[in-house]
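# Architecture at a glance
This is what each chain is made of:
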Amino acid sequence: MAVQEFISPTSLSEAQLVVGDGAASSWLAGGTDLLVGIRLGARDPARVIDLKQIPELTAIEIDETSVRVGAAASAFDVLHNSDVPSLFPGLAEALNLIGSTQITGRCSAGGNLCNASPAADSIPALIANGAQCRILGPDGERTLAVEDFVVGPNQNALASGELLVELILPRPPAGTSDAYLRLTPRTEMDIAVAGAGVSITVDESGTCTAARVAIGAVAPTALLVEVAAQALVGSQLDQAAIDAAVAAVRAAATPISDKRGTAEYRTHVVGVLVSRAIANAQARIQEARS
Amino acid sequence: MNAYQEFKMIGSRPVRPDGLDKVTGRARYGADLNMQGQIYGHVVRSPHAHAVITSIDCSKALAMDGVLAVMTGDDLVKPGNEMLGSGEGAMALKDVVPMVMSQGKVLFHAQAVAAVAATSPELAAEAARAVEVTYDVLPAVTDVHKALAADAPILHNDRFPDGYPEEPTNLATHISLTVGDPDSAFDKADVVIEQTYSVPMCHQGYIEPHACAARADAAGRVELWCCTQGHFTVRHYTAAVTGIDMGKIKVTASEIGGGFGGKTTVYLEPLAVVLAQKSGRPVKMVMDRGDVFRATGPAPGAETKVKLGATRDGKLVAADVECLMDSGAYNGNPAGIPAFMATACYKLTDARSTGRSVYTNKPKIHAYRAPSIPQVTLGFELAITELAAEVGMDPIEFRLLNAVEEGDANMMGAPYNRIGLRECLEVARNHDHYKSAVADGAGRGMAMGYWINAGMQSSATLNVIADGHVSILTGSPDIGGSRASMALMASEVLGIPFEHIHPQVAATDAVGHCDVTGGSRTTLATGQAVIQAAEQCVAEMCRRAAAEWEVEPGVVAWSQGAAHYGDQSLTFEELASRAGAMGGPLTFSTSLTSTSTAPGFGVHICDAEVDKETGRTTITRYTAIQDAGKAIHPDYVEGQLQGGAVQGIGWALNEEYLYNEEGALENPGFLDYRIPVASDLPFIDAVIVEVPNPLHPFGVKGVGEVPIVPPMPAIAEAVYQSTGVRFRDLPLNPPKIVAALLDN
Ligand SMILES: Cc1cc2nc3c(=O)[nH]c(=O)nc-3n(C[C@H](O)[C@H](O)[C@H](O)COP(=O)(O)OP(=O)(O)OC[C@H]3O[C@@H](n4cnc5c(N)ncnc54)[C@H](O)[C@@H]3O)c2cc1C
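What counts, and where the lines are drawn
- Residues numbered from 1 in each chain as written.
- Chains lettered and ligands numbered in written order.
- Predicted model: local features only at pLDDT ≥ 70, side-chain atom pairs only at ≥ 80, totals over all residues.
- Heavy atoms only, no water.
- Near = heavy atom within 4 Å.
- Polar contact = N/O pair within 3.5 Å; in protein donor to acceptor, adjacent residues only side chain to side chain.
- Areas by Shrake-Rupley, 256 points an atom, 1.4 Å probe, with all protein chains shown as cover.
- Helix = DSSP H or I, 4+ residues; strand = E, 2+ residues; numbered from the N terminus.
- Nonpolar A, V, L, I, M, F, W, Y, C, P; charged D, E, K, R; others polar.
- Domains from an automatic or database assignment.
- Contact = heavy atoms within 4.5 Å.
- Buried area = accessible area lost by both parts, 1.4 Å probe.
- Salt bridge = Lys/Arg side-chain N within 4 Å of Asp/Glu carboxyl O.
- Core = buried A, V, L, I, M, F, W, Y, C linked by side-chain atoms within 4.5 Å.
- Buried < 20%, exposed > 50% of the residue type's maximum accessible area, 1.4 Å probe, protein only.
- Pairing = 2+ DSSP bridges.
- Axes fitted to C-alpha atoms, helices over the stretch in contact; angles between N-to-C directions.

## Observations regarding the site of the ligand
Residues and elements named next belong to chain A. Surrounding the ligand, one finds 30 residues, the nearest of these being Trp-27, Thr-32, Asp-33, Ser-108 and Asp-121. In the environment of the ligand, an oxygen atom lies 2.5 Å from a nitrogen or oxygen atom belonging to the side chain of Asp-33. When the ligand is considered free in solution it has 980 Å² of accessible area, and contact with the protein chains removes 88% of it. Every element with two or more residues in the shell around the ligand is listed here: strand 2 (25-28), helix 2 (34-40), helix 8 (109-115) and strand 10 (163-170). Tallied by class, the residues present in the shell around the ligand amount to 17 nonpolar, eight polar and five charged. Split by domain, the shell around the ligand shows at least three residues from each of two domains, domain 1 (5-170) and domain 2 (176-289).

Here is the structure:
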């Protein structure tokens, strides 16, 4: 079956109306997963509902407490926003890694998250930054943490007819920065063999007061590794603390061996990435202070 | 040496005639021809890697509205033992037909089993799904060692290699050559290296997928338009596969988006022709990327055992090379070349080289740039480098001591003419790259490579146009800028501006026979035909001028685009515009079998830095040096050097065919079949060395293939120098490097 209908609602209420119970429908953000899936025969929606004409879905708004990124805002728009890249350099790194210039021009963080690939680049960065998902559906609105949004490989927590409206990131407190790193054999146009997103807060004395560590492509879903964060909090981010965090992520990883890498390799390298991401975030904090 | 000691045009870098159309998207590639009334073909492919087809039922597909034709292997000829072509590039029909469509037995996953044609591509795809094929599935074997094991499933129970008893085997070919007495020569060696090296099966990775369009007329004539490296070969093979007379087939080559040897045969073309005949409508077919990877001919994976012996002072005294190559499902003959050419760079009076090829349930291998030589050279060159280290010599010094030069012979027996290997090594030794310090943490490797370079048949027709312009027709598809080179060579001879010359790749009925653009032969051999046609044109113009001036033709001289005698002259334009009154149209056709070839040699230097924690390798500096004889258009010689180096880098680091247990390819796309992207690469510094080929009027030597030969060993050595661990099995991808470093 080919796509029978393409609808482009201009408001959230219209979107809800047209999607109904969601049967045989797919939301379309940038389409860089959906259209590829349709072409490969992996996806077969009768109706495609475009999200890019709905103002809330493409808006990027910043206030004192939070940053709200519309679920269909393109990675390009996020990367060229006047504040987001400096507030969340790690998230920007992740979005900038998606595909190529052509792909970042279309794809969205929301699509990356909803597609729920274990190797999705922006998910560990969103988790590290404590992002929340605002969801609208036939039964009303709800909020879910990103780490709870993905439930399995290519499976998200949305019920049929539900829509991810926006991602809400708390504004990072002073002395906070993040970083994202992935390992791919090529420099670009590749898919993460392992990924690591880290956000840390360091006080004036150099003590780490808060941390979130997330890893990607080493388990069925991206993981928030709290033990790794605990190893960092209270430390001076000395070698022992880093080693403990690295050991924690390696222990949390449950990768598979496949054509992109062996389980042993992924487990090893996710530790390397976490340790380097911590160093990058720490350097960013120091740079902001100096 | 030749009449053109002082070149005016040769060696300059004008903009290629086909350049503007290519960068503006106007150039027409294989899939860009559309014909009135055209319908679309779609291939039904086997989901099994090894099976007997028990039935094919196309009735449901044919009953669908808009489906106009179906076909199976029964619509193609049943091959016996006919050979297509002769000498280099000869192929048995029974190895070509099943790569187009199987006939009863499936020997690799995604092999074509039927095809349909319908009024839209979507409908054709749907109809293909409605074709019902039943199979008796057999166990598949994709590994050469397992294929040689006693309990292996046998792919061909009717094929036996020469010299073996007629027993079931997957051994396809076995060839062994010996010069001198290698066994006792090893006794003279102070140092012996004996190691095994391996290279995976890989694909040429041309960006343009196979595509064609076919039309059949009521009188049984057929027209084909396709992207190919040789439309005369397409005509020949299509005729042989379909049983249509060659004379009734006309083939036009489109622009081509890469081939690298992979587009020197047919896959879709005979199917489009049969479907066009059956439906009475023009049929277009375009392969998708997955099928390009799954069902066209990749380059063979190989395992090479190398034993080398040298004296303490670095004299190579004996070599024994054994190469085991994967032929895929049919005989792609990959083993002969390594047997003949493995040792070609070195003075060796005592050597043995053996090649064996093995059938496996994978697509039949096909040519890829210097076919089979990169695989064996990985082993040979790494062993040479290890040997040099053992005797404490610089790797270039060691090679200079042992490199072949004029008068030396290789395993094929004939002595080399004037070759440029030593010159390349000397340029390498003195190059700033080789003399510079290696960066901390990085490593440096170098290696050299050889390719025989082909001559073969070429034709050209030169038509003088009344305004003094010239059209040049050849039958050599232009994959690397050859039209620019043809125009330069004609411009040199005729003395008229490059821009006045209009080179074209003409259809099979418009120009004399040309063999494929392959074997690095086109600039050399087709160029020779163009030079000869231009020389005939000059001779005729001088004759006409002499007649006008009533003097002997011998006293008329040709220079700067005009005939001269005393203070009289007639320009090319004048002779062109007055042709009708001076003897008629000026048209010159030449055809030849070139015997002017010269082998090519190159030396590469590579710096690589391995991230010891992640195992990622970054190529930080790369220099490719090669003897081109004479670079007609240096841009395109450099382009060949750079392109070959890049493909070698891909093969060394990440490219690899990955098959699962069932024999299906796991990475049939550019996401997981990782050719390098631009940001993976440093600038590839290309250095052209010119040691003219004495047999060629302009001194040309083929350049297209040598550059893929040295990269793998150069990179593997650089990785060793960076990590301290010797890797002998490619690709050197991050998991493999980390596993080895953690083991250490
Ligand atoms: C060439 C190429 C390279 C790529 N490289 C990378 C890479 O490096 N890293 C990486 O992580 N990914 C990569 N991808 C995958 C893809 O680009 C990303 O996942 C991208 O972020 C998807 O965003 P999108 O807006 O295009 O999603 P879409 O394709 O529009 O949607 C993705 C899925 O989410 C659903 N969806 C979208 N929006 C919503 C919503 N608001 N609510 C509910 N469901 C929704 C859609 O129905 C669909 O199922 C690549 C893809 C291509 C084609």
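After that view, the rundown keeps rolling.
## Side note on the domain arrangement of chain A
Note on interface size: it is often stated as the accessible area lost on association of the parts. Residue and element names in this part refer to chain A. Under the domain assignment, chain A is made up of domain 1 (5-170) and domain 2 (176-289). With 25 residues of domain 1 at the interface, the matching set in domain 2 holds 23 residues. Taken over both partners, the interface formed by domain 1 and domain 2 buries close to 1,900 Å², and the fraction arising from carbon and sulfur atoms is 58%. Put simply, domain 1 and domain 2 have three salt bridges between them. For the salt bridge of Arg-182 with Asp-121, the shortest nitrogen-to-oxygen distance reads 2.7 Å. Our count for the contact surface shared by domain 1 and domain 2 stands at 12 residue pairs in polar contact (both at pLDDT 80 or more). Elements supplying a minimum of two residues to the side of domain 1 that touches domain 2: helix 6 (89-97), helix 9 (122-128) and strand 8 (150-152).

## Some thoughts on the nonpolar core
Nonpolar side chains tend to gather and get buried jointly when the protein is soluble and globular. All names here are of chain B. In this structure, Leu-308, Phe-380, Leu-421, Leu-425, Tyr-622 and Ile-715 are the most contacted members of the largest nonpolar core, which totals 104 residues. Tallying contributions element by element places helix 11 (residues 373-390) first for this core, with nine residues. Setting aside anything within four residues of it in sequence, one finds Tyr-622 in contact with His-433, His-604, Ile-605, Cys-606, Ala-645, Ile-649, Pro-682, Phe-683, Ile-684, Asp-685, Pro-711 and Ile-715. Judged by nonpolar contacts, the second largest core, of 58 residues, contains Met-99, Ala-117, Val-251 and Leu-324.

## Some words on the sheet that holds strand 12 (residues 222-226) of chain B
All names here are of chain B. Here seven strands make up an open sheet; going across it, the order is 3-7-1-14-11-12-13 and the pairing mixed. The open sheet has two free edges, formed respectively by strand 3 (67-72) and strand 13 (249-253), since each of these has just one partner strand. Across the sheet, the mean angle separating the axes of adjacent strands is 20° when strand polarity is ignored. The pairing of strand 1 (residues 39-45) with strand 7 (residues 112-118) spans six bridges and is classified as antiparallel. Each residue of the ladder has a partner; that of His-42, found in strand 7, is Val-116. The sheet strands contacting helix 7 (residues 231-242) are strand 12 and strand 13, and the helix crosses strand 13 at an angle near 145°. Relative to strand 3, helix 8 (residues 269-279) is tilted by about 130°, and along the sheet it contacts strand 1, strand 3, strand 7, strand 11 (211-216), strand 12 and strand 14 (283-286).

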